[in-house]
Amino acid sequence: MTDLEHEFRLTITPSDPDGSKRAAKLQYWGALPEADPEYDDVAKELLELTGATWSGVNFVGEGQAQFFPGIAGPGTESVDGKEPEIGREMPAEAGYCVHVVAREKAMALNNVLDYSRFATNPVVDALGIRAYMGAPLVDSDGHTIGTVWVIDNKTHEWTQDDVDAMKAVAARVMKRIEERKPR
């Protein structure tokens, strides 16, 4: 592989061999692609916890289509009955959560511009993203179904304590998903 081919490969969305299994797990857990006030509350908690600009709970479906049942930050709520500026759906190539799902572990980017894989992501220019942190939602069988995440329009110095706090929120959210499973 040439350096150019390697560099291009680093900037694309990761492959998704577990997409159909993850979609089945989302269905099994009743994790539906619809807005949920409980997850919006989690997103607001993440903003308070990290001081980031935007946050959310994300389910990554088959083909890595992303849906945010919980989201918070400027432009995420309807004003005067109009659609929010920032919606609850996003394609896989626009965002960072699919990388967390593919890696199956937390990821913190203090400055997304420092990483060629992430600096060219469409949300960098669209929202002015400079920092990201996300932790996977891992069910009791060890399957990753989504993430909790924060993004900011300024750089951060995320610490291990910040990552651990995100992982704790992710574990709590996953526990709640499992408790809510339709019988």
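Below is a short write-up of the structure. (Residues numbered from 1 in each chain as written. Predicted model: local features only at pLDDT ≥ 70, side-chain atom pairs only at ≥ 80, totals over all residues. Heavy atoms only, no water.)

## Looking at the nonpolar core
Val57, Phe59, Leu137, Val148, Val173 and Ile177 are the most contacted members of the largest nonpolar core, which totals 25 residues. It is helix α7 (residues 160–179) that provides the largest number of residues to this core, a total of seven residues. In this structure, valine 57 is in contact with Tyr39, Val42, Phe67, Phe68, Pro69, Gly70, Leu137, Thr147, Val148, Trp149 and Val173, ignoring residues within four places of it in sequence. If you look at the next biggest cluster of nonpolar residues, it comprises 18 residues, including Phe68, Tyr96, Met107 and Val124. (Core = buried A, V, L, I, M, F, W, Y, C linked by side-chain atoms within 4.5 Å. Buried < 20%, exposed > 50% of the residue type's maximum accessible area, 1.4 Å probe, protein only. Helix = DSSP H or I, 4+ residues; strand = E, 2+ residues; numbered from the N terminus. Contact = heavy atoms within 4.5 Å.)

## What to know about helix α3 (residues 37–50)
For α3, spanning 14 residues, the distance from its first C-alpha to its last is 20 Å, which sits close to the expected 20 Å at 1.5 Å a residue. Of the positions making up α3, those classed as buried are Tyr39, Asp40, Val42, Ala43, Leu46, Leu47 and Thr50. Viewed along the axis of α3, the buried residues span an arc of 155 degrees, placing them on a single side of the element. Along α3, exposed side chains directed more than 90 degrees from the buried face belong to Pro37 and Glu48. Tucked into the core, α3 has its buried residues touching β1 (54–60), β2 (66–72), β5 (131–138), β6 (144–152) and α7. The N-cap of α3, judged by a side-chain oxygen 2.8 Å from the amide nitrogen of glutamate 38 a few residues on, is aspartate 36. Residue glycine 51 follows α3 closely and has a positive phi angle near 75 degrees. (Expected span 1.5 Å × (residues − 1). Arc of directions from axis to C-beta. Polar contact = N/O pair within 3.5 Å; in protein donor to acceptor, adjacent residues only side chain to side chain.)

## A closer look at the pairing of β6
For β6, a buried count of nine out of nine residues is recorded, marking the element as mostly surrounded by other parts of the structure. Bridge count for β1 against β6 is six bridges, and the pairing is antiparallel. If you follow serine 55 over to β6, its bridge partner there is valine 150. Of the strand pairs in this sheet, β5 and β6 are connected by eight bridges, and their pairing is antiparallel. Note that in β6 the partner of methionine 133 across the bridge is valine 150. In this structure, the hairpin formed by β5 and β6 is closed by a connection of five residues, where glycine 142 is found at a positive phi of approximately 85 degrees. (Pairing = 2+ DSSP bridges.)

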